Amino acid sequence: VMTNVFSEMLAYIPINSVFLETDSDFSMNIKDRYATFAALRQLDVKTLREQMFLNFTTFYKDKWKHHVG
């Protein structure tokens, strides 16, 4: 169960600045986290998954480039 402060924070943080994970709290699996966050933001889970993938690719786009020289 999320606290009100945490729910409010999730409601306002920019969607393009979010990653969802389960490392800090194992009481909820990743599918449940996506469903909870999507409901809070009034999004369907598919749209949220697509945004999370875009966030991931944007954040890591230059992280795996090999530098020659």
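Look above for the structure.
Presented here is an overview of the structure given in this document.

Next up on the list: helix 3 (residues 45-60). Given a rise of 1.5 Å per residue, 16 residues ought to cover 22 Å, and the 22 Å separating the end C-alpha atoms of helix 3 matches this to within 8%. For helix 3, the full list of buried residues reads L48, Q51, M52 and N55. Around the axis of helix 3, the buried residues are gathered within 100° of arc, so they sit on the same side. Exposed side of helix 3, more than 90 degrees from the buried face: K46 and F53 are the residues found there. At its buried positions, helix 3 is contacted by helix 2 (30-41). Sitting at the head of helix 3, D44 places a side-chain oxygen 3.2 Å from the backbone nitrogen of K46.

Summed over all chains, the structure comprises one salt bridge. Salt-bridge contacts for K46 lead to E50; the nearest nitrogen and oxygen are separated by 3.4 Å. Here the residue K46 and the residue E50 both occupy positions in helix 3, the gap between them amounting to four residues, near one helical turn.

What follows is about the packing of helix 2 against helix 3. Two elements in contact, helix 2 and helix 3, have axes whose closest approach is 9 Å; the angle formed by their N-to-C orientations is 105°. Relative to helix 3, the element helix 2 is oriented roughly perpendicular. Residues Y34, A35, F37 and A38 of helix 2 lie in contact with helix 3, whose contacting residues are V45, L48, R49 and M52. Residue classes in the contact of helix 2 with helix 3 are distributed as seven nonpolar, no polar and one charged.

The rules we used
Residues numbered from 1 in each chain as written. Predicted model: local features only at pLDDT ≥ 70, side-chain atom pairs only at ≥ 80, totals over all residues. Heavy atoms only, no water. Helix = DSSP H or I, 4+ residues; strand = E, 2+ residues; numbered from the N terminus. Expected span 1.5 Å × (residues − 1). Buried < 20%, exposed > 50% of the residue type's maximum accessible area, 1.4 Å probe, protein only. Arc of directions from axis to C-beta. Contact = heavy atoms within 4.5 Å. Polar contact = N/O pair within 3.5 Å; in protein donor to acceptor, adjacent residues only side chain to side chain. Salt bridge = Lys/Arg side-chain N within 4 Å of Asp/Glu carboxyl O. Axes fitted to C-alpha atoms, helices over the stretch in contact; angles between N-to-C directions. Parallel < 35°, antiparallel > 145°, perpendicular 65-115°, else oblique. Nonpolar A, V, L, I, M, F, W, Y, C, P; charged D, E, K, R; others polar.

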